[in-house]
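Residue-level listing of the chains:
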Amino acid sequence: MLEIAGLTVSYGGAPAVRDVSITVGKGEIVGLIGPNGAGKSTTLHAVMGLVAAAGGEIRLAGESLPRRTPEAVTRSGISLVPEGRRIFADLTVEENLRLGLSGRRSREGGAQDIESVYALFPVVGEFRRRRAGVLSGGQQQQLAIARALVAGPDVLLLDEPSLGLAPKIVDVVFETLAEIRTRGITVLLVEQRAQRTVAFADRTYLMANGEIRLTMTPADASDTDTMVAAYLS
Amino acid sequence: MNALGVPVLAAINAQVVVDAIGLGATYALMAVGIGLVFGILRLVNFAYGQLIMAGAYTLAYTSSWPLGASIAACFAVVIALSLAMEVSVFRPLREQSPTVMLVTTFAISFVLQSVALLIDIRDDQIGEPASSVTSLNVPITIDGVDVRKVTIVAVLAAVGALGALALLLGRTEIGLRTRAAAADFRTARMLGVRANQVITLAVVLSGALAAAVAVILTVQTPFVTPDFALHDTIIVLVGVVVGGIDRLWTATLGGFLIGFTSGMVNGALPTDSTVYLPSVVFTLVIGVLLLRPAGLFVRGRSSVVDRV
């Protein structure tokens with residue numbers, strides 16, 4: 001479904017992502033872990049057109065995404081749940097979701113999709129008329145995921161959705177991802193929680209210094225920490 | 001003046017207040033026009049005054065036309081010029097730093113003034129009279145206070161424009177997208193908000209407001225020169241920063257306040273002492289900025305320091 005082929009991104013001449021290739025099959029959940037500064041977020045940003053790629057290609061369902069602006073990528077069926085959630089604090093919860101509709105390929109069905117995310121995230125529905133800024137961190141994260149889902153994406157990119165959340169709330173986030181998996185949405189998940197991600201995803205890549213170093217499967221979950229430590233040392 | 005040479009305050013009467021409200025309303029319109037574009041593009045458009053100047057020249061050169069047609073031409077020219085500025089300069093520079101963009105708008109401002117001078121000087125005289133709009137300058141006496149028609153027009157235009165803008169931003173989907181783009185442009189685009197669509201909307205609205213201001217200022221000062229509205233723009237830019245440039249309503253209040261204050265100080269100073277006006281107003285400005293650097297009407301800290 002999503003193919004990142006030979007992606008290279010440089011910041012001011014210094015390569016941040018070097019020749020990274022990741023393939024995510026339809027309905028798969030693929031994890032991307034690694035230390036800070038490894039290039040995980042940059043990879044997602046390059047897919048979204050938020051940063052310019054120096055080389056490589058992004059293909060969605062076999063078709064190359066040509067000139068990539070963030071709005072064009074979203075409208076082609078890829079949505080990002082950004083790091084730090086990036087919800088609009090001064091807008092209501094419902095307005096945040098209506099903004100998510102801007103990325104839809106078809107105008108029809110938007111209202112139903114908003115109702116369906118209220119069903120998936122009851123707390124989001126409960127606070128729909130409130131300012132999004134008054135929500136707790138976990139609630140804001142649910143809103144950010146809901147906002148990406150109402151665009152009706154084929155591929156969902158998540159950038160550290162569990163960052164800064166209490167363990168209980170992290171459970172909620174992973175339960176949500178499991179629910180999203182049942183809907184057949186393809187997921188590329190960037191996470192700091194290595195072991196949990198390896199156990200959850202169909203396949204997890206370890207990234208360091210802008211390169212993919214290692215591929216892990218759920219069978220490696222119990223050994224995640226030692227494997228990661230070995231490859232990073 | 002008394003024996004010490006200190007200006008004596010003249011009595012502030014209803015006339016002064018009415019004129020000050022008119023000036024405040026006009027500056028508020030300019031503040032909205034500047035604030036709208038700043039909100040989306042993080043661009044302080046110093047050339048905003050030259051949009052108004054272009055509108056004023058249009059009114060002058062179409063003085064022989066019926067008033068309505070002349071005003072329509074003014075709106076058409078100013079909106080077209082505003083869009084041309086966006087497409088030819090702001091869009092290619094969109095990724096550049098605010099400093100580069102600000103300096104560029106300085107350059108545009110001076111280019112447009114020079115072009116205006118070249119067009120104006122063809123009759124060997126600098127300045128063109130805009131006679132068709134002077135009918136709006138007729139005063140109506142209400143309870144002993146002369147209220148010029150243009151003051152009523154200025155206040156109604158300001159209230160109407162602000163009301164319409166509030167409805168557009170608050171009640172429509174394009175308005176929602178514009179508010180989101182003003183709060184966090186990158187995230188808005190990432191959600192699928194088309195950058196060019198919201199920017200074009202802001203630029204067109206900003207141009208329309210400049211055209212409205214051109215009509216109002218031309219009625220008050222019917223002699224149009226290349227530096228028309230330049231002084232007003234600088235004052236409004238100051239007012240916008242004093243109010244708080246980060247939000248449209250604080251910027252608007254700032255514009256109104258500096259216009260109203262100028263009007264009141266001008267009225268309070270005796271006629272022979274109006275040279276003191278800029279020093280009084282700008283001393284007040286410095287005082288306000290020392291006490292509330294983020295903006296007079298901004299609660300808490302503002303991120304404006306990072307942005308400009």
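Analysis parameters
- Residues numbered from 1 in each chain as written.
- Chains lettered and ligands numbered in written order.
- Predicted model: local features only at pLDDT ≥ 70, side-chain atom pairs only at ≥ 80, totals over all residues.
- Core = buried A, V, L, I, M, F, W, Y, C linked by C-beta atoms within 7 Å.
- Buried ≥ 20, exposed ≤ 12 C-beta atoms within 10 Å, placed from the backbone.
- Helix = DSSP H or I, 4+ residues; strand = E, 2+ residues; numbered from the N terminus.
- Pairing = 2+ DSSP bridges.
- Contact = placed C-beta atoms within 7 Å.
- Axes fitted to C-alpha atoms, helices over the stretch in contact; angles between N-to-C directions.
- Nonpolar A, V, L, I, M, F, W, Y, C, P; charged D, E, K, R; others polar.
- Parallel < 35°, antiparallel > 145°, perpendicular 65-115°, else oblique.
- Left-handed = near helix turned anticlockwise from the far one by under 90°.

**Q** I'd like a rundown of the nonpolar core, residues and numbers included.
**A** Membership of the largest hydrophobic core comes to 154 residues, with the highest contact counts inside it found for B:L29, B:A56 and B:A214. Looking at this core element by element, the count peaks at 16 residues for helix α1 (residues 14–41) of chain B.

**Q** Before we move on, could you go through the pairing of strand β6 (residues 78–81) of chain A and cite the residues and values that matter?
**A** Residues and elements named next belong to chain A. The alternating pattern of β6 places I78 and L80 on one face and S79 and V81 on the opposite face, and all of these are buried. With 4 bridges joining them, β6 and strand β7 (residues 155–159) adopt parallel strand pairing. Note that in β7 the partner of V81 across the bridge is L158.

**Q** Report on helix α3 (residues 93–100) of chain A, specifying residues and quantitative values.
**A** Of all 8 residues making up α3(A), 6 are buried, and the element is well covered by its neighbours. Residues of α3(A) that are buried in the fold lie against α4 (110–120), α5 (122–126) and α6 (137–149) of chain A together with α6 (173–183) and α7 (185–190) of chain B.

**Q** Describe the sheet that holds strand β2 (residues 14–24) of chain A, and please don't skip the residues or the numbers.
**A** If you trace the 4 strands from one edge of the open sheet to the other, you get β2-β1-β4-β5 (chain A), paired in antiparallel fashion. The open sheet has two free edges, formed respectively by β2 and β5 (63–64) of chain A, since each of these has just one partner strand.

**Q** I'd like to hear about the sheet that holds β6(A), residue by residue, with values.
**A** Residues and elements named next belong to chain A. Sheet architecture is open: 6 strands sit in the order β6-β7-β8-β3-β9-β10, paired in mixed fashion. Edge positions in the sheet fall to β6 and β10 (211–216), since each of these pairs with one other strand and no more. The sheet shows a mean angle of 20° between the axes of neighbouring strands, taken without regard to direction. The pairing of strand β3 (residues 29–33) with strand β9 (residues 203–208) spans 4 bridges and is classified as parallel. Counted as the bridge partner of G31 is T204 from β9. Its contacts with the sheet place α6 against β6 and β7, and it is angled at close to 170° to β6.

**Q** Account for the interface of chain B and chain A, with residues named and values stated.
**A** Opposite the 17 residues of chain B that make contact, chain A presents 20 residues. When contributions to the side of chain B that touches chain A are tallied by element, the ones reaching two or more residues are α6 and α7 of chain B. With 6 residues, α6(B) is the largest single contributor of residues to the side of chain B that touches chain A. Of the residues that constitute the side of chain B that touches chain A, the class distribution is 8 nonpolar, 2 polar and 7 charged.

**Q** Go over unusual backbone geometry with me, naming the residues and quoting the values.
**A** Non-glycine residue A:R86 carries a positive phi angle of around 55°. Here A:R86 shows up in the loop between β6 and α3. Residue B:D124 is not a glycine yet carries a positive backbone phi of 65°. Looking at the element boundaries, B:D124 is found in the loop between α4 (98–120) and β1 (128–129).

**Q** Got a sec to walk through the packing of helix α5 (residues 149–171) of chain B against α6(B)? Specific residues and values, please.
**A** Residues and elements named next belong to chain B. Between α5 and α6, whose axes approach to 5 Å, the crossing angle comes to 85°. On the basis of the axis angle, α5 is roughly perpendicular to α6. On α6, the residues that touch L168, L169, G170 and R171 of α5 are G175, T178 and R179. Of the residues belonging to the contact of α5 with α6, the class tally is 2 nonpolar, 3 polar and 2 charged.

**Q** Hey, could you go over the pairing of strand β1 (residues 2–11) of chain A for me, with residue numbers and the actual values?
**A** Residue and element names in this part refer to chain A. Judged from the 7 bridges that link them, β1 and β2 form a sheet pairing that is antiparallel. Among the inter-strand pairings, L7 is bridged to a residue of β2, identified as V20. Alignment of β1 against strand β4 (residues 55–60), held across 5 bridges, turns out to be antiparallel. Bridging across to β4, I4 finds its partner in I58.

**Q** Pulling in residues and values, what's your account of the packing of helix α2 (residues 48–61) of chain B against α4(B)?
**A** All names here are of chain B. Two numbers describe how α2 lies on α4: the axes approach to 9 Å, and their chain directions differ by 20°. In terms of axis orientation, α2 runs roughly parallel to α4. Regarding α2 and α4, the two cross each other, and that crossing is left-handed. On α4, the residues that touch G49, Q50, M53, A54 and Y57 of α2 are S109, L112, Q113 and A116. When its residues are assigned to classes, the contact of α2 with α4 shows 5 nonpolar, 4 polar and no charged.

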